[in-house]
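One-letter residues, chain by chain:
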Amino acid sequence: QVSDIIDAGTSRGQSVHHILQANANCFTICEKTVYTLINTGAIKTKRYDLPAACSRKKRKHKAVEHKINTKCRNNRSFEDFKNFLHNNPGIPVVEMDTVIGRPGQKALLTMHFNNCGMMLAFIREANNAQTVIDIFDHLEKVLGLEMFQKMFPVILTDNGSEFSNPEALEKSCITDGRRTRIFYCDPYSSWQKGHVENNHENLRKIFPKGQSINQSSQKQINTAVSHLNSFARASLNDVPAILLFEQIYGSSVLKKLGVKLISSSEICLTPELFEK
């Protein structure tokens, strides 16, 4: 996908810098990396395809992770998050994260509802900002704006580049108004969203770390999530998270999400779930 975007742009005489800026949500690499890919022949575009020969000086500093908006944390820091909760007591919080199969392949977007212990997961073709925006837009269209706002009033996530376009995530695709609020943990402080991190341990029982999820479908992810949310947990007084979620948001929402309660005797939290 990245190779095709660069090739299409350079064929129109566009510079690499312009291509990255015009398609920011689709890239997780910096401009320097793009030139490296071109110079090593790793993508379609060749050096002679560029609109002008690029003589690039060696940078003395290490390339940084590509972010859509480097100032995305402004007014969205963890301190801002705590202040917002103080001014809005009782508002439900959703913690959001990414689960990687193998680097450069498909990834999962995970969302944990702190008010009931439920976790959802959505497969993405690439770990970039656009795939996260696409999932938000899809959920808003499926659930409706009112239900989306009820389910996702406040979202806490980390500083990954895939979450660095908060304006696009917060903006409704139906009305152009606000659909949610995004806040960020402090750098290197994943413990600040400990609920979703802890629940990843259960998800990893089904999808072990380092195992590719390229062959997985959203239907399979929904099955895995159904099993994960149906087992009894002492922290929830042995009530399955999916039943608590249903009490708050209704059975029709579960149906729209493709998630259902699994019988306690049928629950499987190992890779064997998809080997049967």
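To start, this report covers the structure provided alongside it. It should be emphasised that the depicted structure is a prediction, and the values quoted were computed from it without experimental measurement. Here the residue numbers are simple positions, counted from 1 along each chain's written sequence. In keeping with the predicted nature of the model, local features appear solely for residues at pLDDT of at least 70, side-chain atom pairs appear and are counted solely at 80 or more, and the whole-chain, interface and lining totals rest on all residues. Derived side-chain values reflect all non-hydrogen atoms in the structure, with water molecules and hydrogen atoms excluded from consideration.

A word on the overall build of the protein chain
Put simply, the test is: Each helix is a run of DSSP H or I of at least 4 residues and each strand a run of E of at least 2, with the numbering of both proceeding from the N terminus. The globule rule used here is 2.2 Å times the number of residues to the 0.38 power, and the radius of gyration it is set against is calculated over C-alpha atoms. Working definition: with a 1.4 Å probe on protein chains only, accessible area under 20% of the residue-type maximum means buried, over 50% means exposed, and in between means partly exposed.
The helix and strand inventory of the protein chain stands at eleven helices and five strands. Relative to the 2.2 N^0.38 estimate, which gives 19 Å for 276 residues, the radius of gyration of the protein chain is 21 Å and therefore close to what a compact globule would have. With the principal axes as the frame, the protein chain shows a C-alpha extent of 65 × 50 × 35 Å. When the 276 residues of the protein chain are sorted by exposure, 47% land in the buried category.

Some words on the sheet that holds strand β2 (residues 107-113)
What counts is decided by this rule: By this definition, two strands are paired if DSSP reports at least two bridges between them. Axis angles are defined between N-to-C directions and span 0 to 180 degrees, where every axis is a line fitted to C-alpha atoms and, for a helix, only to the segment in contact.
An order of β3-β2-β1-β4-β5 is seen for the five strands of this open sheet, with the pairing classed as mixed. Looking at which strands have only one partner, the edges of the open sheet turn out to be β3 (118-124) and β5 (181-184). Looking at each pair of strands side by side, their axes are set apart by 25 degrees on average, direction ignored. When strand β1 (residues 93-100) meets β2, the two strands line up antiparallel, connected through seven bridges.

Some thoughts on unusual backbone geometry
With phi around 60 degrees, Tyr-188 is a residue other than glycine that occupies positive phi space. Among the structural elements, Tyr-188 can be located in the loop between β5 and α8 (194-206). Owing to a relative accessible area of 86%, Tyr-188 belongs among the exposed residues under this scheme. One non-glycine residue, Asn-237, lies in positive phi territory at about 55 degrees. Position of Asn-237 among the secondary structure elements: in the loop between α9 (218-228) and α10 (241-249).

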